[in-house]
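The chain contents come next:
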Amino acid sequence: MSMKILVTGAAGFIGAALCERLLKEGLQVVGLDNLNPYYPLALKQHRLTRLEALAGQCVAAPGNARRLGSFRFVKLDLVEREALRTLMQEEEFDVVINLAAQAGVRHSITQPFDYVDSNLVGFVNLLEACRGTAPSHLLYASSSSVYGDDTRQPLQESQAGVRPLSLYAATKRSNELMAYSYAHLYGLPVTGLRFFTVYGARGRPDMAPLRFARKLLADEVIDVYNHGQMARDFTHVSDIVEGIYRLMHLPPTQEVNAAPSRVLNLGRGEPIALGNFINGLEAALGVPARKRLLPMQPGDVERTWADISTLETLTGFRPSVSLATGLEELAEWAQQYPSLLRETDDEQLPRVRCPDEAGVAAGGHSGRMTKAGMSAMTALAFSSGTLLKA
């Protein structure tokens, strides 16, 4: 019988992509999500519809009787302690992968209790449910935001986050400490995954990649913070999923005087200047960007860069999807489903005008690029070693 996996946050960006991979591997998947309206539910339903369709298909090549795994969706919030415990006891999952969380740095500033409920209370409820059912491995989403303003780059797992710049980051670091305590007390094998700026088709509309895509397609000005002087370790969702899948089968073991707990970076291991990313998205969409250069947002950092040597040693895997390839896929999906790019409530809030913002002009021009213009932009975006300003 195939493994039975619980994926929380199954209607989310990474969760849905992971469920697709698990189904293709022939596993039994139960996907849990509370379907909260942080961003439009149409996008979450779009992901679930894909999963339900995939679950009923046969992927067999001629002469191969192997079928896709099974998928069942359960609408449940992790704060519902008893319902969660009942589900865990009835299903007896082999592996639990917790990707459910209230995400977003800016939202944590305006709605802090959403993070306390989902990321703290909900996570403790899940740990307790795991204590009672003893899955072979609990993997959970942390975040690169736990590193805060640490300027030592690339960021290594040993650099414990002691200066979180947002409540969201603080809750993620708290998850790591909570998980360690359960590993120590009860021998529960746990792996925390510090994700670095995940992007791709069917992504979150509150994150820069889809937000930029939506605004470019609508010929709207995009806000570029810290005047473009930023870099991110942009990681395609398929690389994130591959990393989770490989680690799923490698639970940490109990060592003498050490709990079966670890935290790993999961990123591409290559910071990309924000200007390069925008240029690449322009090329993929065939639309020039008009930019409004703004000061740094509260809770943000200038650069992220993952040291992924531990991940590579454990799994033999190194994320490899290029920015050009990832943006082409994102652009194709965004152009096919523009209605799913709708903004979040946070984006609809009035933007506070900063003192040094006055007089900033939006660069670029409206209209589609010519083929020659697109080729030139592509060359600029992906030329080796070039770091362009926004």
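Values in this document were obtained by computation on a predicted structure and should not be read as measured data. (Residues numbered from 1 in each chain as written. Predicted model: local features only at pLDDT ≥ 70, side-chain atom pairs only at ≥ 80, totals over all residues. Heavy atoms only, no water.)

Draft legend 1. Region of the structure containing the sheet that holds strand S2 (residues 28-33). Taking strand neighbours across the sheet as the criterion, the 7 strands line up as S3-S2-S1-S4-S5-S6-S11 in an open arrangement whose pairing is parallel. A single partner strand is all that each edge strand has here, and the edge strands are strand S3 (71-75) and strand S11 (261-266). Sheet twist, expressed as the mean angle between neighbouring strand axes with direction ignored, is 20°. Here S2 pairs with S3 via 5 bridges, running parallel. Paired with Leu 32 across the two strands is Val 74, which belongs to S3. Contacts between helix H8 (residues 237-248) and the sheet are confined to strand S1 (4-8), strand S4 (95-98), strand S5 (137-143), strand S6 (190-195) and S11, with S11 contributing the most and set at about 155° to the helix. (Pairing = 2+ DSSP bridges. Helix = DSSP H or I, 4+ residues; strand = E, 2+ residues; numbered from the N terminus. Axes fitted to C-alpha atoms, helices over the stretch in contact; angles between N-to-C directions. Contact = heavy atoms within 4.5 Å.)

Draft legend 2. Examining helix H3 (residues 81-91) more closely. Looking at H3, one finds that the buried residues are Leu 84, Leu 87, Met 88 and Glu 91. Buried residues along H3 cover an arc of 95° about the axis, so they all sit on one side. In the core, the buried residues of H3 are packed alongside S1, S2, S3, S4 and helix H5 (112-133). Positive backbone phi, at 50°, marks Glu 92, one or two positions downstream of H3. (Buried < 20%, exposed > 50% of the residue type's maximum accessible area, 1.4 Å probe, protein only. Arc of directions from axis to C-beta.)

Draft legend 3. Quick peek at the packing of helix H7 (residues 208-217) against helix H9 (residues 274-285). Remark: H7 packs on H9, axes separated minimally by 11 Å, with the N-to-C direction vectors making an angle of 50°. Viewed along their axes, H7 and H9 adopt a mutual orientation that is oblique. For the pair H7 and H9, the crossing hand works out as right-handed. Residues Pro 209, Phe 212, Ala 213, Leu 216 and Leu 217 of H7 touch H9, and the partners they reach there are Leu 274, Phe 277, Ile 278, Leu 281, Glu 282 and Leu 285. Residues that form the contact of H7 with H9 fall into these classes: 10 nonpolar, no polar and 1 charged. (Parallel < 35°, antiparallel > 145°, perpendicular 65-115°, else oblique. Left-handed = near helix turned anticlockwise from the far one by under 90°. Nonpolar A, V, L, I, M, F, W, Y, C, P; charged D, E, K, R; others polar.)

Draft legend 4. Spatial organisation of the packing of aromatic side chains. Applying the stated criterion across every chain yields a total of 9 aromatic pairs. Summarising the aromatic geometry, the rings of Phe 234 and Phe 277 are spaced 4.1 Å apart at their centres and angled 15° between planes, so their arrangement reads as stacked. One end of the pair, Phe 234, is in the loop between strand S9 (231-232) and strand S10 (235-236); the other, Phe 277, is in helix H9, with 43 residues separating them in the sequence. Pair check on accessibility: Phe 234 and Phe 277 agree, each one buried. Lying over the aromatic face of Tyr 39, Lys 44 brings its terminal NZ or CZ to 4.8 Å of the ring centre. Over the ring of Tyr 186 we find Arg 131; its NZ or CZ atom is 4.7 Å from the centre of that ring. (Phe/Tyr/Trp six-rings, centres within 6.5 Å; stacked < 30°, edge-to-face > 60°. Lys NZ or Arg CZ within 6 Å of the ring centre and 35° of its normal.)

Draft legend 5. Examining the environment of Asp 150 more closely. With respect to the helices and strands, the residue Asp 150 is situated in the loop between S5 and helix H6 (167-186). Residue Asp 150 is classed as buried on the basis of its relative accessible area, which comes to 11%. Along the backbone, Asp 150 and Gly 161 are 11 residues apart, and their C-alpha atoms lie at a distance of 8.1 Å. Contact partners of Asp 150, with chain neighbours within four places excluded, come to Leu 155, Gln 159 and Arg 163.

Take it as geometry only, folks, not as evidence of what the structure does.
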